[in-house]
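# Geometric and topological summary
Listed here are the chains, written in short residue letters.
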Amino acid sequence: MKEYEIKDTVYGFIRFNEWEKEIIDHPVFQRLRKIKQLAFTDMVYPGAQHTRFEHSLGVMHLATLIYDVIVKDNTNKQLLKDKLNYNEAGLQRDRQLVRLAALLHDIGHAPFSHASEELMEKNPKTNRLYKHEDYTITLIKMKLRDAIENHSVNKINFKISADEVAALIEGNPEVLEERIFWKVIISSQLDAD
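Residues numbered from 1 in each chain as written. Predicted model: local features only at pLDDT ≥ 70, side-chain atom pairs only at ≥ 80, totals over all residues. Heavy atoms only, no water.

Turning next to the pairing of strand 2 (residues 12–17). With 6 bridges joining them, strand 1 (residues 3–8) and strand 2 adopt antiparallel strand pairing. Looking at strand 2, one finds that Y4 is bridged to F16. Counting the residues that bridge the hairpin from strand 1 to strand 2 gives 3 residues. (Pairing = 2+ DSSP bridges. Helix = DSSP H or I, 4+ residues; strand = E, 2+ residues; numbered from the N terminus.)

A word on the packing of aromatic side chains. How two aromatic rings sit relative to each other is given by the distance of their centres and the angle of their planes. In this structure the tally under the stated criterion is 6 aromatic pairs. A centroid spacing of 5.9 Å and a plane angle of 15° characterise the contact between Y4 and F16, whose relative ring orientation is stacked. Linking Y4 in strand 1 with F16 in strand 2, this pair joins segments that are 12 residues apart in sequence. Classification of F16 as buried rests on a relative accessible area of 7%. (Phe/Tyr/Trp six-rings, centres within 6.5 Å; stacked < 30°, edge-to-face > 60°. Buried < 20%, exposed > 50% of the residue type's maximum accessible area, 1.4 Å probe, protein only.)

Put into structure tokens, the structure is as follows:
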């Protein structure tokens, strides 16, 4: 599988594969280049010019480091094998799933990030404002489904569905079942985000 790398100002070199590159090149992901990570913070601190694009690449990088540390530990690896019946292929598959969820976790952000969430429409089912996570899930399932599911790297090696990526971000145990615990890498008290 062909590998690419970019130089990040915070994390150094970030590597990604050809499948991830296709997702990164997708217009849904590229729009993150224009969305400020820190909303209006640059009005006070002019150097705060980070975007959701850089942030998402960094979260994928950190999530991978966290995953690799967990799986590299022999006790953890044995526990994953004994309790959840993981094998090497399953561990590699879930590593890729974590990477995709980390990469795409913020694609639903509106301009100015969280500062503009109060302008989002109400969900008629809950009578609450939609959040960026709701848009993220929808974009993954609708706009990115083809890029996720139909790339040859995925079709041959992993068979990861867009629904699984969305489920890991939203924490849906109905889709992921026992593997839902990987969500803590993406969103918890101490996570890659």
